[in-house]
Structure formats: C-alpha cells, structure tokens
Amino acid sequence: MKKLSAFLLILSWSTSIIAQTSSSPELIAPVQSWEQTDHGILIRTANAAVQISCYSPTIVRISATRQPAQPDFSYTVIRKPGNSFDNVDETASQLLLYTSGMVVKIQKKPLRISFFDRDGHLFSEEFEDFGVTWLGEEVTCHRNLFPDEKFIGLGEKTGPLNRRGQAYVNWNRDIPAYSDREDPLYQSIPFFIGIHDSLTYGIFLDNSFKTLFNFGASTDDLFSFFSAAGGEMDYYFFGAGSVAGILEDYTWLTGRMPLPPYWSLGYQQSRWGYYPESEVMSVALKFREKQIPCDVIYFDIDYMDKYKIFTWHPERFPHPEEMIGKLHEMGFHPVVIIDPGIKIEHGYSAYKEGILGDFFIKYPGGRLYTGNVWPGRCHFPDFTNEKTRLWWGKQFQPMISQGIQGFWNDMNEPSAWGQSIPDIVEFNFDGHGATMAEAHNIYGLEMARATYEGTRKLMNGRRPFVLTRAGFSGIQRYSAVWTGDNSATDNDLLQGVRLMTSMGLSGISFTGSDVGGFIGSPTRELFLRWLSVGVFTPFFRTHSEVNSLDQEPWSFGEGSESQARTLINLRYRLLPYLYSMFRLSSISGLPVARSLAINYTYDPKIYDWNYQNQYLFGDALLIAPVTSVQKFQKVYFPEGTWYRFSDQTQFSGNSEVIVDAPLNNLPVFVKAGSILPLQSVIQYTDQSPSPVLELWIYNGEQGSSFNLYEDDGVTFDNEKGVFYQREIRFNPEAGQLLFSSAEGSYPSKYNEFLIKFIGFNPPVPDCVVANSQGEFTIDF
C-alpha cells in the first residue's frame, strides 16, 4: 500500500510538471478577494496572489506569484515599504489606490493593472488581451505600447539609445570583442524608463533569473513585455514623472555610489601585463619624467604565482611591499586584479581554507563544482553565503598591509572555459537556497560586495577602490564598472559612449571603457581620439591585451605624446568640477556622464542615430564624440546657447551645425549660464594644486548654481561633516555672482578664486577674490 501511494504521489508530481511545461500559457485569473495590508493590498485569484505595496508616493511594488508566500528577500533593494496608500476606493469592476504622486487602477476581471499620474494621464498599463502569464516556470508581464513610446536604459546594452523595436536578454556573459549588436554582455540591469506623450515612468524587475525585455520587437507594435525564466513577477513602478526624478527614486531604492577615493578620478594606466617589477617601475618613472599626469598602475594576472589569487610571483615580484612603497612615493596607487576562481592545489592557503570552511559552490549531493580558468582547475566561492563573504574579505589583509588600495574583480560573470556552468549548481543565497539559474546574474554583484565590504573593514577608515566587469542592479553601491573586453575600432569608441550613458540611465555612475581598445592595436589617430573622449568619462583608463602594441601616452611619437599630455592635463584641470559632480551623483543618483535623454527627454532630435552619442559631462559640458577618421562633425545643440570650450564660439540651441573636429580639438561645448571651476595642472592627485581656483562664468540669459565640493578624498570622514561645500550662483539679470557661506569643517585647498567672465558684452575683466568662509557677492 505504501509503494502504491508513493507511485501515485510520483505520478501526480510528474503530471504537474508536465502541465507546467506544456505549451499552453496560463493567464492570471480574475480577482476573487482582496484585503488591506500595512503598506498596500493583497489580492487573491484562483491561481495567484498579488501584493501591491507603497514604498513612496512615486514608487509602487507589484509582486505576483503562484507559489506560497516566501520570505521577502532581495540582493538589490535596500529599502522597505514605508508608506501606505492615501486612499483605496472600490467599485464593482475595479480598485483605485491613491498616493500623492500617482494612482494605481486594478481592473478585477480580467485582472489588469494600470498606473496614472494624479491628473489622470496614463503612464503605463498591462496589455488588454493578456497581462501576467506563466508558461511553465517562465513568468511574463505584457504591456500596451503607445504609438510614440520610447524606451531607454537597461544598463550595459548595445544598440541605439531608444530601445523601441529591440529585444534584450539579461544573462551575464564573458564576451570578448563584442559587436555593436551583441547581447547579452557582462552586466544585467533589469531597469528601464518609458517615455510617451510628455510622460515618463520607470520599471525595475527585481528578478535575477535569466530575463528578457522586448520593447515591441516582432509584436506588430501591439505590446511590449518582460519575462523571467523563474521566480516571481516582482517589479517596482516609478512615477516621478521625469528621468532625473526616476533615477533619484531608483537609486534611493537600490543604493547610490559612495564617494570613491579621489585618486581613482585621475588617469589610470593598465596593460596585460606589466611585469617584471623593473617594467612596472620603468613605466611609472616615464610618467614622472615626461610630466604626464597619472595616478594608477594596474597589475594584471601575470603578477600572480601560477595565476593563484592573493599571491605574488616570486621571481617577477620578489619584494612587492618595497615596490609598492616606491610607487606610493612617486604618487601612484597600484590596483591588482582578483578573479574568483581558486586553484585546486594542496598547500595553497586560499584553497585549503575554502575547503575547510565550506566556502565553495557545489552540485546537488555535495560534490564541489570545478571549472577551468587561468590557474587551471578551480573551485569558486559562494559569495551568496555571508560566511564566504567574510572569509573573502579577510584574504585581502596581506595586500592591504603591503599598501594595495585598489581591487579589480574580473571573470566574475562567473566565467569558466566553455561558458556553460550547469544551472543545477547550488548556492546558499543567504539561507534561502538557490541554483545557478537564479544566482548566476547575482554572482558579480556579491563578489564586488564581498571585496568592498572586506577591504573597507581592513583599511582603517580609508576608501577602497573596487572595479568590476560583471554585476546586477545595485552594483553602484560597491564598485566602478568598465565595459569589458572591447576592441581597437572606431565603432567600439562610439559604442563605449552609449554603454556608459546607458549604465548612467541605470544608476551606475562610475563607469567607462578601455581607452584605445583592449583587443587589437589602435592607430595613432584612434588612440588620441579615444583619449580625448576618455578625458570626459568618469572612469579614465587605458588598457590593452598581451602582445598588442604599446598604448602608453608616449607610444605613438613625440607629437602624439605632446597631445596626450595636453589632454590628460585637462582631465586634472577639471578635477574640482568632476569631484563635485561625483558628490552630486552620490547624493542624488544623477550620473556624471548623462544621456541627453535626462535633460532633454522630449526633444526627438536627441534620439536620432546621428546624435545619440552626444552626452552631458556633469551639469555644464556637452560632449560630441567623433571617430578617428572624421575631420568634421554634425552636432545637435539642444535648447539654450552653447560655447565651444576651445575657442568660445557661440552656437544657438535647437540647431544642427557642422563643426570642425580636428584630432587635437574634440567638439566640447559649455552651456551658457554655467560656472566651470578649473585648477592648475598637477601630476597626481596627492599633489597640491595652486591655491588659486579659476571660475569660468559663461554668460547666458539664464543663470545657474554650482556646488563646489571638497574633502580629503581618502577617508569616510566626509560622512561625519568633514567636507567643504559652498554654492556659487550666477545671476545674469542682477549682474551678480553670489557665494554662500562655506559648509563643513574641511579647509578648502584654494585660498583665492580667479574669476573669468566669458561671452559678456561689453567685456568684464577678470578678478581675484579671497575664498573666505562667509557669504559674499561680486557685482559686475
């Protein structure tokens, strides 16, 4: 009888699985009942439960599941619902949920959810024929498409700025030499912004399974949809009404970039690989001898002993602490690469501790997963286990004691030769349990977290610098991101710009591409053009593969060396402006490098293929990237007046103009009314600039304000009020420049302001004023 019962149970289970994996989709059933909860409502249907929660007046969460209620857990979301709906109204056919910022309408039969602003304008709604559906374990949300609807964001994705008509997969992948249509890449950011009819909204799908976002590709423009291979339909709807407001809300929900060490904003030189020690020191010495500013030198995988992480090659780098000390004396901050794979080798301490501590991922049944990467056969840490993260963080102690302050996480998609780690590999998932199918996209995020949290604990109050290739939503809390193994082509130069601004539209501010291209060797013209664009990217690093031609700033001859020096000098001149923009990003979520869709959302020209590479670098600068073979560039100027940075030529807004674009003059423009601070040239960020800070005031009908920000750039004391900040306001109508009282307890490194007035008629002479603590005004 027991055998028969067991057989019937297995038969029932098998039938259920067959039903779930059948080709017939299951639509969410109509509303049967609902009840109010502390932060929203819970809806029950015949086949699902739908929780609608209010996180703020402009953030609402929708969670639909067929499974019994599970503990609420997310690696991305760092907030809890803190509000309830202001009011809930019910009629026979619908429910209406009100906040001060929007209205959620729930149609009961069929169950469909729509979002409106408080004036009754429709943000977005589920598709009338089918809203949420299941096909086996795959869950999908289908949404109506508006005729003029555009989609932006989704993180590190190739293709156009406007994602309409495209489809994308989120599944982190090691993909060298990727093309401009390659998908997926290294990062998965399931967050996008929709734009239509002068309305803007955002959606974040909090699901780390493989996901698909279809923005009207192959659907006859009927609907868009997003789906996940497993898990819940769990998404957040943002109704702030502007791209900047949505980014502020999204980064409030998922976290913002902490201020990085100041030195990481300087120029960074990398190569696979600089070794032995004599070559590293030779490169460092050349930077100082040639007076080309540089703050960072990277150590790629060849610094290790047999590619074993947390080791130094005993012959190539026999005395790492002494070498690092010499680099510090020269003003350099070394950064070391750290991959996740731990070599299987008896006597290797990281391997031994990983085995004893049970820190590695496993197959069902307990066999350790083994994959081949640079060291050969490796085990991989389970970064979703808190014990593993704590252990991993402690492994950095010897390197930190030697003076390392920067850590480069690579191969963390996770990548193993063959690129097909089985989905059945198991993870702790912080006690919730998961397989590779759910943990794969999270792996890079949690490795960066373990690295950042561990090194921060060990560095005695100093800021660590972490750089990662792979990640998921929330990666901005722990790490800078670079766009992976690009190629030395003009196409990659422009594609890197779009990847950078798309990540900026997804909460990731500290990002950039390898200048010159990692794979292959750039021409002299391509290297210089790319370097000129790199000056205006948050992360500014040259990096190249083994056996490629040298890509140091002096590698292309004396004339090119002089031009490279001029470009890198400009980066260091701009540091007061750039660091202030980083500060703004850290408190608002607004990226440093900004797609024009942030400021000029409803201007159709900015989505034009010819202009989609243009972007704002901070509040004031408009950058128009150009390929190495172009001598001219057609530029679109958004509303307002613009000055060319190189010669102060003025251009009217809402116009398309062909401008000169010689190799030594990238088209860069300053918005009229802006305030642009510039310091003297320094060779590295630990060096003191001139105590006189230049303030360039660009005349315009509308003024602006600029918050000048400083701190020690090293510690977290800024979080305790040890900073310097003052607002500078330009009022063109009154002919005044107003300086607020300085805030914070950090002494400014600048004693005086040299103020230059640009574009004024009649001309206004330069003036010098003391940087006093109190409020003061300059009349002109």
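To start, this report covers the structure provided alongside it. Every value quoted in this text rests on a predicted model; they were computed, and no experiment measured them.

Strand residues, when the strand is regular, have side chains that alternate between the two faces of the sheet. For strand β7 (residues 94-98), the buried fraction is high: four of the five residues fall into the buried class. Bridge count between strand β6 (residues 87-90) and β7: four bridges; the pairing is antiparallel. Residue N87 lies in a different strand from β7, and its bridge partner there is Y98. Between the end of β7 and the start of strand β8 (residues 102-107), which pair antiparallel, lie three residues.

Bringing the side chain of T451 into the picture now. Examined against the element boundaries, T451 turns out to sit in helix α9 (residues 443-458). Its relative accessible area of 0% is what places T451 among the buried residues. Each residue touching T451, except ones within four places of it in the same chain, is listed here: W392, F396, F407, N409 and V466.

So, about unusual backbone geometry. The omega torsion across D183 and P184 is 0°, close enough to zero to call that bond cis. Here P184 is to be found in the loop between β14 (167-170) and β15 (187-188). Residue E413 is joined to P414 through a cis peptide bond whose omega torsion reads 0°. Tracing the backbone shows P414 in the loop between β27 (406-409) and β28 (426-427). With a phi close to 60°, M411 is a non-glycine residue in the positive phi region. If you trace the backbone, M411 turns up in the loop between β27 and β28.

Turning our eyes to something else, we now look at the pattern of salt bridges. In the structure shown here, the tally under the stated rule is 34 salt bridges. The partner of D305 in a salt bridge is K308, with the nearest N and O atoms 3.7 Å apart. For K308, a relative accessible area of 8% puts it in the buried group. For K749, the salt bridge identified is with E710, shortest N-O distance 3.6 Å. Residue K749 is located in the loop between β48 (736-739) and β49 (752-758), and its partner E710 is located in strand β46 (residues 704-710); the two are separated by 39 residues in the primary sequence. Looking at E710, the relative accessible area reads 2%, which means it is buried. Linked through salt bridges whose partners overlap, the residues forming this network are D174, D410, E413, R469 and D485.

Among the secondary structure elements, S473 is positioned in the loop between β31 (471-472) and β32 (480-482). Among the polar contacts listed, one links the side chain of S473 to the side chain of Y250, at a separation of 3.1 Å. Every residue in contact with S473, bar those within four places of it in the chain, is listed here: T76, S188, I189, P190, F204, Y250 and L445.

On to the packing of helix α3 (residues 277-289) against helix α4 (residues 320-329). Between α3 and α4, the least distance of the axes is 11 Å, while the angle of their chain directions is 5°. When the axes of α3 and α4 are compared, the pair comes out roughly parallel. Residues E277, V280, M281 and A284 of α3 pack against M323, K326 and L327 of α4. A breakdown of the residues in the contact of α3 with α4 according to their chemical character gives five nonpolar, no polar and two charged.

Pairing is antiparallel in the open sheet, where three strands are placed in the order β24-β26-β25. Each edge of the open sheet carries a strand with a single partner, namely β24 (342-343) and β25 (371-373). Here β25 runs beside strand β26 (residues 376-379); their pairing, made up of three bridges, is antiparallel. Bridging across to β26, G371 finds its partner in C378.

Another aspect to go through is helix α11 (residues 524-534). Among the eleven residues that make up α11, nine are buried, leaving the element largely enclosed by the rest of the structure. Buried residues of α11: L526, F527, L528, R529, W530, L531, S532, V533 and G534, and no others. Those residues of α11 hidden inside the fold are in contact with α10 (490-504), β34 (514-515), β35 (541-542), α12 (558-573) and β37 (615-617).

Moving on: the layout of surface pockets. Of the voids in this model, the largest pocket is the one considered here, and its volume is about 1200 Å³. As for the largest pocket, its lining consists of 41 residues, and the residues nearest its centre are Q70, P71, F73, E232 and D234. Elements with a minimum of two residues in the lining of the largest pocket: β3 (40-45), β4 (49-56) and β5 (59-65). If you tally residues by element for the lining of the largest pocket, the top one is β4, at five residues. When its residues are assigned to classes, the lining of the largest pocket shows 15 nonpolar, 16 polar and ten charged. Of the volumes computed, that of the second largest pocket is approximately 480 Å³.

Across the sheet, eight strands lie side by side as β2-β3-β4-β5-β20-β17-β16-β13; this open sheet has antiparallel pairing. Single-partner strands in this sheet number two, and they are β2 (31-37) and β13 (150-153). Going from strand to strand, the sheet's axes swing by 20° on average, the running direction of each strand aside. When β4 meets β5, the two strands line up antiparallel, connected through seven bridges. Following the sheet pairing, A49 is matched in β5 by T65. Most of the contacts of helix α2 (residues 243-254) go to strand β17 (residues 199-205), to which it runs at about 20°, and overall it touches β4, β5, β13, β16 (191-196), β17 and β20 (233-238).

Our focus in this paragraph is helix α13 (residues 575-588). Taking 1.5 Å per residue as the helical rise, α13 with its 14 residues ought to reach 20 Å, and the 20 Å between its terminal C-alpha atoms agrees with that figure. The element α13 is extensively covered by neighbouring structure, given that twelve of its 14 residues are classed as buried. Every buried residue of α13 is accounted for by L575, P576, Y577, L578, Y579, S580, M581, F582, R583, S585, S586 and S588. At the C-terminal side of α13, G589 shows a positive phi close to 85°.

Below, the discussion takes up empty space enclosed by the protein. One pass over the full model with this rule turns up seven cavities of 30 Å³ or more. Size it by volume and the largest cavity reaches roughly 120 Å³. Lining of the largest cavity is provided by 17 residues; of these, P258, P260, Y452, P464 and Y478 occupy positions nearest its centre. Broken down by class, the residue content of the lining of the largest cavity amounts to 13 nonpolar, two polar and two charged.

How each quantity is defined
- Residues numbered from 1 in each chain as written.
- Predicted model: local features only at pLDDT ≥ 70, side-chain atom pairs only at ≥ 80, totals over all residues.
- Heavy atoms only, no water.
- Buried < 20%, exposed > 50% of the residue type's maximum accessible area, 1.4 Å probe, protein only.
- Helix = DSSP H or I, 4+ residues; strand = E, 2+ residues; numbered from the N terminus.
- Pairing = 2+ DSSP bridges.
- Contact = heavy atoms within 4.5 Å.
- Salt bridge = Lys/Arg side-chain N within 4 Å of Asp/Glu carboxyl O.
- Polar contact = N/O pair within 3.5 Å; in protein donor to acceptor, adjacent residues only side chain to side chain.
- Axes fitted to C-alpha atoms, helices over the stretch in contact; angles between N-to-C directions.
- Parallel < 35°, antiparallel > 145°, perpendicular 65-115°, else oblique.
- Nonpolar A, V, L, I, M, F, W, Y, C, P; charged D, E, K, R; others polar.
- 1 Å grid on protein atoms, 1.4 Å probe; cavity = no way out; pocket = protein on both sides within 12 Å on 5 of 7 lines; lining within 4 Å.
- Points joined across faces, edges and corners; volume = space filled by probe spheres on them.
- Expected span 1.5 Å × (residues − 1).

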